[in-house]
Amino acid sequence: KPTHQLTSAKSTGITFDSQTGNAENDKPASFTFENGTGTCVGVFYDPDVHELHMNSQVDINLVGKGKRSKPMHVQSERLVYQEFASKIFLGPWSKLTRENTVVDAGGSIINMKDKQIDSIDADHAHGVDSYPKRHLNYAADMLHLIYNEDGELQKMNGVGNAHLTSESKGSETTVKANTVDLYFETENNENVLRRTLANGNAYVEAKPEPQPKGKLAETKIIHSETIELKMRKGGKDLEEVATHVPSSLELIPNQPSQHHRILHGAEMTILYGPQNQIQSFRSTKVTTDTDPLPPPPPKPGQKPKQQTLTVAHTSSDNMTAEFDPKTGNMKRMKQWGQFIYEEGERHAVGDTAFLENDTNVMDIDKNARFWDATGSTNGEHIKVAESTGDFDAVGHVTTTRLP
């Protein structure tokens, strides 16, 4: 008896060569094989090399052996199955559908192992994962999908112009890089994304969704050579974004009251709370550049005020930032270790500095010094209002003022 189910084909007519064993036709045909069924128009089979050609309108359903394996629906213009090599070649276009996942590509290669899908290589591929509470959209010049023994997607590797967009309640996150690796786990019989690693010109943008009151938090953009994203259980919310090489974080305002900021650091770690809202941020060897708020528009009949706008620059060895969990806006920033502040003619130094974002007030603690073109002040603690330059100095204060 055969060791496995034999492949059978049905059609309205077949040309058979008794010397070579080759069989072919140009009419619609249906197939039943060990791990699935299919249809096509036009077929050729060479028994010497165990190679099957489906010439057009290919439509196949592949069924895995694993207990939790889910069927895959394969569509293509042409198909070549090399049984000895355990490979299925699709082209010039292909479409792979598996439960909530759809991948459209140019040519694709399905690599089989023990008669089930082991991996897929898809050229110029675009994929979509749609679930009730999350939506993944990804693409790359070359997409490599790896499956485990149970036939479940384990890893996805995108090479060349790779990008991923994750949409869930609270925000939309976009990842772009030369290569992007996606790691999946199975939870409640569902394939969920748990980790993303972007390498080479990596870019991550977190765009907030409109809040009930119509207020938007800042849009956050990270640039780095390598960026790692970890997802919470369930795969729909971010848990952590980390870089281990020099990086930048840009906060782009979506409201008139928000500052435009760019932060550069040797490495960065961002922790997220509910609904993909940033909870905290930390970095080392930090520099920041904060643009001033533009002046309010003049009232009818008034001339616009002439105002000199200068960028505020800071640097320090360490930095942390806290964000409002309800709005996603930055609340407070702490910098320590050789803190330096510059804004036009204003300068300040100290051991530690706190910036309250709502009031735009900076507290400098220990070995504090503040100076401008009119003089300088030293003290144990100096509080500066960045909008006006007014300050309070406390503790062993010395001050020098020009007349």
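The text that follows walks through the structure, step by step, so that each part is easy to find. Predicted model, so just to flag it, every value in this text is computed and none were measured.

Quick word on the overall build of the protein chain
Across its full length, the protein chain holds 0 helices and 27 strands. For 403 residues, the compact-globule estimate of 2.2 N^0.38 gives 22 Å, and the C-alpha radius of gyration of the protein chain, at 30 Å, exceeds that figure by more than 25%. Considering only intrachain contacts with a sequence separation of at least 6, the fraction spanning at least 24 residues in the protein chain is 41%. When the accessible surface of the protein chain is summed, it comes to about 21000 Å², and 52% of that surface belongs to carbon and sulfur atoms. For the protein chain, the separation between the mean place of its 43 positive charges and that of its 55 negative charges on side chains is 6 Å.

Regarding the environment of Gly 13
Counting through the fold element by element, Gly 13 comes out in the loop between strand S1 (8-11) and strand S2 (15-16). Overall, Gly 13 belongs to the partly exposed group, its relative accessible area being 27%. Along the chain, Gly 13 and Val 128 lie 115 residues apart, while their C-alpha atoms are 39 Å from each other. When sequence neighbours within four positions are dropped, the list of residues in contact with Gly 13 reads Asn 25 and Lys 27.

A closer look at the pattern of salt bridges
Counted according to the given criterion, the structure contains 8 salt bridges. Asp 317 is the salt-bridge partner of Lys 285, the closest N and O atoms lying 3.6 Å from each other. Here Asp 317 lies in strand S21 (residues 312-323) and Lys 285 lies in strand S20 (residues 278-290), a separation of 32 residues in the sequence. Given the relative accessible area of 56%, Lys 285 is considered exposed. When its relative accessible area of 21% is taken as the criterion, Asp 317 is described as partly exposed.

Let's talk about the nonpolar core
The biggest cluster of nonpolar side chains holds 76 residues, and the ones touching the most others in it are Ile 110, Leu 143 and Phe 281. For this core, the element with the most residues is strand S11 (residues 134-147), which contributes 6 residues. Among all residues touching Phe 281, those that are not within four sequence positions of it are Leu 249, Leu 263, Met 268, Thr 269, Ile 270, Met 319, Thr 320, Ala 321 and Phe 323.

What to know about the environment of Thr 173
You can see Thr 173 is positioned in strand S13 (residues 171-187). Judged by its relative accessible area of 5%, Thr 173 is buried. A sequence separation of 33 residues divides Thr 173 from Ala 206, and the C-alpha atoms of the two residues are 4.5 Å apart. With residues up to four places along the chain from it excluded, the contact list for Thr 173 reads Leu 164, Thr 165, Ser 166, Val 204, Glu 205, Ala 206, Leu 229 and Leu 238.

Some words on the environment of Glu 240
Note on placement: Glu 240 falls in strand S16 (residues 238-243). Separated by 135 residues in sequence, Glu 240 and Ala 105 place their C-alpha atoms 31 Å apart. In this structure Glu 240 touches Glu 228, Leu 229, Lys 230, Thr 269, Ile 270, Leu 271 and Tyr 272, once residues within four positions along its chain are discounted.

Observations regarding the pairing of strand S19 (residues 267-272)
Sheet topology note: the S16/S19 ladder contains 4 bridges and is antiparallel. Considered in S19, the bridge of Val 241 is made with Ile 270. The pairing of S19 with S20 spans 6 bridges and is antiparallel. Looking across to S20, one finds that Thr 269 is bridged to Arg 282.

A few points about the packing of aromatic side chains
Here the structure, examined in full by the defined rule, presents 1 aromatic pair. With a centroid separation of 5.0 Å and an interplanar angle of 50°, the aromatic rings of Phe 370 and Phe 391 are classed as tilted. Taken together, the residues Phe 370 in strand S24 (residues 361-372) and Phe 391 in strand S26 (residues 391-394) connect sequence positions 21 residues apart. The class for Phe 370 is buried, based on a relative accessible area of 1%. Over the ring of Tyr 183 we find Arg 195; its NZ or CZ atom is 4.7 Å from the centre of that ring. Directly above the aromatic system of Trp 371 lies the positively charged group of Arg 369, at a separation of 4.2 Å from the ring centroid.

Digging into the side chain of Asp 46
Mapped onto the fold, Asp 46 is located in strand S4 (residues 36-46). Taking relative accessible area as the criterion, Asp 46 reaches 17% and is therefore assigned buried. Discounting residues that sit within four places of it in the chain, Asp 46 has contacts with Asn 22 and Glu 51.

Comments concerning the pairing of strand S3 (residues 23-33)
Pairing of S1 with S3 involves 4 bridges; the strand directions are antiparallel. Each bridged residue has a counterpart across the sheet, and for Ser 11 the counterpart in S3 is Ala 29. With 9 bridges connecting them, S3 and S4 associate as antiparallel partners. Across the sheet, the residue bridging to Ala 29 is Cys 40, located in S4. From the end of S3 to the start of S4, which pair antiparallel, there are 2 residues.

Here is what the cut-offs are and how they apply
- Residues numbered from 1 in each chain as written.
- Predicted model: local features only at pLDDT ≥ 70, side-chain atom pairs only at ≥ 80, totals over all residues.
- Heavy atoms only, no water.
- Helix = DSSP H or I, 4+ residues; strand = E, 2+ residues; numbered from the N terminus.
- Rg over C-alpha atoms; globule rule 2.2 N^0.38 Å.
- Contact = heavy atoms within 4.5 Å.
- Areas by Shrake-Rupley, 256 points an atom, 1.4 Å probe, with all protein chains shown as cover.
- Lys, Arg positive; Asp, Glu negative; His and termini not counted.
- Charge placed at Lys NZ, Arg CZ, Asp CG, Glu CD.
- Buried < 20%, exposed > 50% of the residue type's maximum accessible area, 1.4 Å probe, protein only.
- Salt bridge = Lys/Arg side-chain N within 4 Å of Asp/Glu carboxyl O.
- Core = buried A, V, L, I, M, F, W, Y, C linked by side-chain atoms within 4.5 Å.
- Pairing = 2+ DSSP bridges.
- Phe/Tyr/Trp six-rings, centres within 6.5 Å; stacked < 30°, edge-to-face > 60°.
- Lys NZ or Arg CZ within 6 Å of the ring centre and 35° of its normal.

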